[in-house]
Each structure stands twice: as structure tokens, then as C-alpha cells.
Amino acid sequence: MSALAADTAGTYVHWGWVQISVANLVVIGLMLVIFAAAVLLPLGRHPERYETEDQQ
């Protein structure tokens with residue numbers, strides 16, 4: 001038996017003519033957080049990979 005009732009209607013949020021389910025809104029929010037983290041967090045750069053011939 002499932003812990004979540006799949007036969008009930010979802011909860012919706014209304015902004016003027018926009019209507020979106022709370023579940024979809026949560027997924028979109030998580031995607032934005034992951035995208036922002038990917039942009040803002042530093043990547044593991046290896047300086048030796050970016051050396052030019054002049055630096056060697």
C-alpha cells in the first residue's frame with residue numbers, strides 16, 4: 001500500500017491567468033536552485049591544464 005494517495009486531486013496555485021500545481025512548482029524551484037549552484041559554485045579547475053607554452 002502506498003503512503004501517498006494518488007487518487008486525490010493536487011493542490012494548485014493561481015496567479016492571474018497562470019495555474020500551476022504545487023508539485024510542479026516545487027520541481028521548478030529545485031531546478032532553479034541546482035542551476036544557480038552550478039553557476040555560482042567554483043568548478044574544480046586544475047591550473048596545470050591551462051598553462052601556456054610561455055609558462056612551461
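Draft legend 1. The arrangement of the overall build of the protein in detail. Within the protein one finds 1 helix and 2 strands. Total accessible area on the protein is roughly 5700 Å²; 64% of this is exposed by carbon and sulfur atoms.

Draft legend 2. Molecular detail of the pairing of strand E1 (residues 12-15). For E1 and strand E2 (residues 18-21), the ladder comprises 4 bridges, and the chain directions are antiparallel. What sits directly across from Val13, in E2, is Ile20. Joining the antiparallel neighbours E1 and E2 is a turn of 2 residues, in which Gly16 adopts a positive phi near 65°.

Draft legend 3. Structural view of the side chain of Ser21. By secondary structure assignment, the location of Ser21 is in strand E2. A polar contact is formed between the side chain of Ser21 and the backbone nitrogen of Asn24, at a distance of 3.2 Å. Leave out the neighbours within four places in its chain, and Ser21 touches Thr11 and Tyr12.

Rules behind the numbers
Residues numbered from 1 in each chain as written. Predicted model: local features only at pLDDT ≥ 70, side-chain atom pairs only at ≥ 80, totals over all residues. Heavy atoms only, no water. Helix = DSSP H or I, 4+ residues; strand = E, 2+ residues; numbered from the N terminus. Areas by Shrake-Rupley, 256 points an atom, 1.4 Å probe, with all protein chains shown as cover. Pairing = 2+ DSSP bridges. Polar contact = N/O pair within 3.5 Å; in protein donor to acceptor, adjacent residues only side chain to side chain. Contact = heavy atoms within 4.5 Å.

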